[in-house]
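# Structure at a glance
Listed below, chain by chain, are the residues.
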Amino acid sequence: MAIEIFMPKLSSTMEVGTLLQWFKEEGDPVEIGEPLFEIMTDKINIEVEAYEEGTLLKKYYEPDEEIPVNQVIGFIGEESEEVPSSSPGLSSDSSSDVDDSEDTREGAEENVASQPSGEVDVEQNEKVRATPAARRVARERDLQLSAVAGSGPKGRVHEKDVVHYSEENQGKKITPLAKKVAENEQVSVDNLTGTGANGKIVKDDVTDAIQSATGSANTSSPKKKKLAGMRKVIADRMQESVNTAPHVTLTSDIDMTKVKELRSQLLPTIEKQTGLRLSYTEVIAKAVGVALSRFPSVNASLINNEIIYNEEVNVGLAVAVEDGLMVPVLKKVNSKGLSTLTKEAKDIARRAREQKLQSDELKGATFTVSNLGMYAIDAFTPIINLPETAILGIGRIQDKPVVVDQTVEVRPMMAVSLSFDHRAVDGAPAAAFLTEVKRILENPFELLA
Amino acid sequence: MREITYLEAVREAMSQEMRKNDDVFILGEDIGVYGGAFGVTRGMIEEFGPERIRNTPISEAAIAGGAVGAALTGMRPILELQFSDFITIAMDQIVNQAAKLRYMYGGKGSVPMVLRTPAGSGTGAAAQHSQSLEAWVAHIPGLKVVQPSTAYDAKGLLKAAIDDENPVIFYEHKLLYKTKGDVPEEQYSIPIGKADIKREGKDVTVVATSIMVHKALEAAEELEKEGIDVEVIDPRTLVPLDEETIVNSVKKTGRLIVVHEAVKRGGFGGEIASVIAESEAFDYLDSPIKRLGGLPIPIPYNPNLEKAAVPQVPDIIDAVKETVRFK
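Calculation criteria
- Residues numbered from 1 in each chain as written.
- Chains lettered and ligands numbered in written order.
- Predicted model: local features only at pLDDT ≥ 70, side-chain atom pairs only at ≥ 80, totals over all residues.
- Helix = DSSP H or I, 4+ residues; strand = E, 2+ residues; numbered from the N terminus.
- Buried ≥ 20, exposed ≤ 12 C-beta atoms within 10 Å, placed from the backbone.
- Contact = placed C-beta atoms within 7 Å.
- Pairing = 2+ DSSP bridges.
- Axes fitted to C-alpha atoms, helices over the stretch in contact; angles between N-to-C directions.
- Nonpolar A, V, L, I, M, F, W, Y, C, P; charged D, E, K, R; others polar.
- Expected span 1.5 Å × (residues − 1).
- Arc of directions from axis to C-beta.
- Parallel < 35°, antiparallel > 145°, perpendicular 65-115°, else oblique.
- Left-handed = near helix turned anticlockwise from the far one by under 90°.
- Core = buried A, V, L, I, M, F, W, Y, C linked by C-beta atoms within 7 Å.
- pLDDT = per-residue confidence, 0-100.
- UniProt positions renumbered as here; feature names shortened; annotations may be inferred.

This part takes up the overall build of chain A. Counting its secondary structure elements, chain A contains eleven helices and 18 strands. Relative to its 449 residues, chain A shows a buried fraction of 33%.

The following block contains the structure:
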């Protein structure tokens, strides 16, 4: 019997996953443990391995589609087995590779109940909307109705659409796979000669055409890349933040003289304890954590018109990774020492770059620190990581002339930029918070208190 | 050919038959000297006398019961109900007796009677005198249901109804009585169960009954100016229904609109739409079937509201346009 492949539920809150890519084509043999497809949850990318061997019989979804958890997305089985032509819905056996199966099923059911039917993936999953006459003509001419663009309301296919399509594609027989490849790559099949039975165009014909086209005409169009995967998540989240949260950015300069002293004194101690070098990031995170514990209104989350004053102070650290950005979280920053923070910060940053974070390490931040100090950047306008209330942007530390006690002195100054969500907090408390951060960093020994 | 009114055509059909067939007689309220509520039998008592043009007490139950008894014993009665709304009072005689007796007697007796009655709104007669209840009787096995829309059809169908061995409910329409049409002087019969294509067209089939045939034809003329070619079919008889003609038309046009004056909910349009959905014409449908019918309200007395309660020409035009939008 063919075995269902479904969207795994990777956390208790996961409701949908985005299919990033298939590693197998329909008809490919699959071994147990081979990566089958890659998905992305709200923050993490994961390759899902096959847990059955056989042939990949069916793929119901294409990359970039959002799929509810436990939705059947394909079948593995014997080569000749019949499987439904569209996804049969939720998996009947969704517990096999999910550890908390009970929770999963409940979650899945709720999830389905809350989804208006038909909203899931309308284009791919819904039966073709076509009039009886259109269906008859498609049947008579042996055409796939799904390939015909409907001109009626809600894309309903009418008889004339089928006739039109059939006349346009007269004599062009094409396998569904070849057609899909051609559509995805936006290749016209009109001028292709099929090498399959009776001149049917097969996938290879299309890929050959793509290769010859890119070989000869690659000067004509720039390289394009679809907004997908992590890029898409970042795009959506940034867009949402800018669209919904009125951002105000405050900037200030912080005298880092004493932090420098503190760091140089602690550096050998911590290196001895952990083998890791204390960096400014950890000191800043600690200072921010302490300041946040004194300013609950900045350590808040705005969710569904409710301001939630978070009890824990969890600071997200924006980490640049290949082609993207991740924000792993340092939990309970205010109550941890610099040595612990150094260990944790280095660990999550390294694993973020290797894309090996667990999904719960990406959750629960109540504030974010974004450090561009390694570049020639002073102030900037960071975008808030919703539902957090604020984000602190760190610029470079640069020696600057400052007036201290009526004399000009050279001091290591660091530009900081605090963007806050003006829905949740006002300018005065945000400014007071930033002033507190400045005060702590300019008197860092209080962190030891 | 000679032009006479629908009313005159009905009267002529009865008079011509009564002259040669002594078994035929008419009974109803005030059909004698007064000539009936709409004057259909005016002058007939003078020709045929009070024995054959029988005034009855004001009891539709008695009229219908008397007719059933007369028919069973060999007469061919035509009974007139002043308004088709009052069929409610005659319902037991019609449904439980007239429709059933031939079957209950194993074919040894039959009920060859015609119940003539005017239906429809448009005369300002308000809620109790304006209904179109033909779907009620169409539901009863054993009754034939006829709804002529023209003078020609009225004469030919009434002849066929009188000749029929079974009870026939013959719905006239109050507003059609004064409409004129070419009608042969001699007797003729139009088979019950044969629809008439009142207008040929290729884009959409409009099946309309009774007065809606005329509204559909008017709409078709308007639509022709916009290049929409409407076929108008008048089933003429609801029972038996000429399914073949409608199916063939829909196979040709791929689109169907059904129009009747009766309330749309539970109306006979649902039956016609279902017949098509179940037929081989289904595979030719290229647009959803549309039904136009009366609103689910009592017919208002106010003339503007009365018009608004039933389909009018612009409604048919709109429905056609929506249906052929994807031509």
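Each helix and strand in chain B was counted, giving twelve helices and 14 strands. Every one of the 327 residues in chain B was classed for burial, and the buried ones make up 53%. For chain B, contacts bridging at least 24 residues in sequence account for 80% of all contacts bridging at least 6.

Let us look at the pairing of strand β4 (residues 35–40) of chain A. As a general feature of sheets, a regular strand has side chains that alternate between the two faces. One ladder, built from four bridges, connects strand β2 (residues 16–22) of chain A with β4 of chain A; its direction is antiparallel. Within the sheet, the bridge partner assigned to glutamine 21 of chain A lies in β4 of chain A and is glutamate 38 of chain A.

With that out of the way, let us pick up the sheet that holds strand β5 (residues 45–49) of chain A. Across a sheet, strands are paired by hydrogen bonds formed along the backbone, either parallel or antiparallel in direction. All names here are of chain A. On the basis of which strands lie adjacent, the open sheet formed by four strands has the order β5-β4-β2-β7 and antiparallel pairing. The strands lining the two open edges of the sheet, one partner per strand, are β5 and β7 (66–68). Put simply, the sheet's adjacent strands are angled 40° from each other on average, direction ignored. As judged from the five bridges shared by β4 and β5, these two strands associate in the antiparallel manner. Bridging across to β5, methionine 40 finds its partner in asparagine 45.

In this complex, chain B contributes eight residues to the contact, which on the side of chain A involves nine residues. Class assignment for the residues of the side of chain B that touches chain A results in four nonpolar, two polar and two charged.

Turning our eyes to something else, we now look at helix α3 (residues 60–72) of chain B. Residue and element names in this part refer to chain B. With 13 residues, α3 extends 18 Å between its outermost C-alpha atoms, agreeing within 8% with the 18 Å of an ideal straight helix rising 1.5 Å per residue. If you check which residues of α3 are buried, you get Glu60, Ile63, Ala64, Ala67, Val68, Ala70 and Ala71. Buried residues of α3 fall within an arc of 165° about the axis and therefore sit on the same side. Elements that come into contact with the buried residues of α3 comprise β2 (24–28), β4 (76–80) and α4 (87–98). Downstream of α3 by one or two residues, glycine 74 has phi in the positive range, about 110°.

Below, the discussion takes up the packing of helix α9 (residues 280–294) of chain A against helix α11 (residues 427–442) of chain A. All names here are of chain A. The N-to-C vectors of α9 and α11 enclose an angle of 135°; their axes lie 9 Å apart at closest approach. In this view, α9 runs oblique relative to α11, as classed from their interaxial angle. Crossing of α9 over α11 shows right-handed handedness. Contact residues: α9 offers Ala287, Val288, Val290, Ala291 and Arg294, while α11 offers Phe433, Glu436, Val437, Ile440 and Leu441.

Attention now goes to the nonpolar core. Judged by nonpolar contacts, the single largest core of 109 residues is most densely connected at Ala161, Val206, Ala216 and Val320 of chain B. Top contributing element to this core by residue count: helix α7 (residues 151–163) of chain B, with eight residues. Every residue in contact with alanine 216 of chain B, bar those within four places of it in the chain, is listed here: Val206, Ala208, Val232, Val259 and Ile316 of chain B. Judged by nonpolar contacts, the second largest core, of 55 residues, contains Ala245, Ile270, Ile284 and Ala352 of chain A.

The next point concerns the confidence of the model for chain B. Interpreting fine coordinate detail is not advised for predicted regions of low pLDDT. On average, residues of chain B carry a pLDDT of 97, and 99% of them reach 70 or more. Overall fold confidence (pTM) sits at 0.53, and the ipTM for the predicted complex is 0.73.

Attention shifts here to the sheet that holds strand β9 (residues 247–255) of chain A. Residues and elements named next belong to chain A. Strand order in the open sheet formed by six strands is β9-β18-β17-β16-β12-β15, with mixed pairing between adjacent strands. Of all the strands in the sheet, the pair left with one neighbour each is β9 and β15 (329–330). Taken together, the nine bridges between β9 and strand β18 (residues 407–421) define a ladder with antiparallel strand orientation. Bridge pairing links threonine 249 to serine 419 in β18. Running over the sheet, α11 touches β9, β17 (390–404) and β18 and is turned about 20° from β9.

On to the packing of helix α8 (residues 211–224) of chain B against helix α12 (residues 313–323) of chain B. All names here are of chain B. Axis separation between α8 and α12 bottoms out at 9 Å; the angle between their running directions is 55°. When the axis of α8 is compared with that of α12, the two are oblique. You can see that α8 and α12 cross each other, and the crossing is right-handed. Residues Lys215, Ala216, Glu218, Ala219, Glu222 and Leu223 of α8 lie in contact with α12, whose contacting residues are Val313, Ile316, Ile317 and Val320. Its residues placed into classes, the contact of α8 with α12 shows seven nonpolar, no polar and three charged.

So, on to the UniProt feature "domain: Peripheral subunit-binding (PSBD)" (unreviewed entry) in chain A. UniProt's entry tags residues 129–166 and 173–210 of chain A with the feature "domain: Peripheral subunit-binding (PSBD)" (unreviewed entry), counted in the numbering of this structure. Secondary structure over residues 129–166 of chain A splits into 45% helix and 0% strand, and the C-alpha atoms at its two ends are 17 Å apart.

All names here are of chain A. Burial analysis of strand β16 (residues 367–371) places five of its five residues in the buried class, the great majority of the element. Burial along β16 is two-sided: the face carrying Phe367, Val369 and Asn371 and the face carrying Thr368 and Ser370 are both buried. For strand β12 (residues 315–317) and β16, the ladder comprises three bridges, and the chain directions are parallel. Bridging from a neighbouring strand, valine 315 pairs with phenylalanine 367 of β16. Sheet topology note: the β16/β17 ladder contains four bridges and is parallel. For asparagine 371, the partnering residue across the bridge sits in β17 and is isoleucine 394.

Turning our attention to helix α10 (residues 268–278) of chain B. All names here are of chain B. Taken together, the buried positions of α10 are occupied by Phe268, Gly269, Ile272 and Ile276. In a view along the axis of α10, the buried residues occupy a sector of 115°, so they form one face of it. In α10, those exposed residues whose orientation departs by more than 90 degrees from the buried face are Ser274 and Glu278. On its buried face, α10 sits against α6 (134–138), β10 (204–208), β12 (237–239), α9 (243–253), β13 (256–263) and β14 (290–294).

To continue, consider the confidence of the model for chain A. Mean pLDDT over chain A: 82, with 88% of residues reaching 70 or higher. Contacts for the low-pLDDT stretch residues 94–125 of chain A, under 50 throughout, to residues beyond four places or in other chains number 37 contacts.

All names here are of chain A. Among the structural elements, alanine 349 can be located in helix α10 (residues 338–353). With 19 C-beta atoms counted inside 10 Å, the residue alanine 349 sits in the partly exposed group. With 22 residues separating them in the primary sequence, alanine 349 and valine 327 have C-alpha atoms 8.8 Å apart. If near-sequence neighbours (up to four positions away) are discounted, alanine 349 is found in contact with Leu317, Val319 and Pro328.

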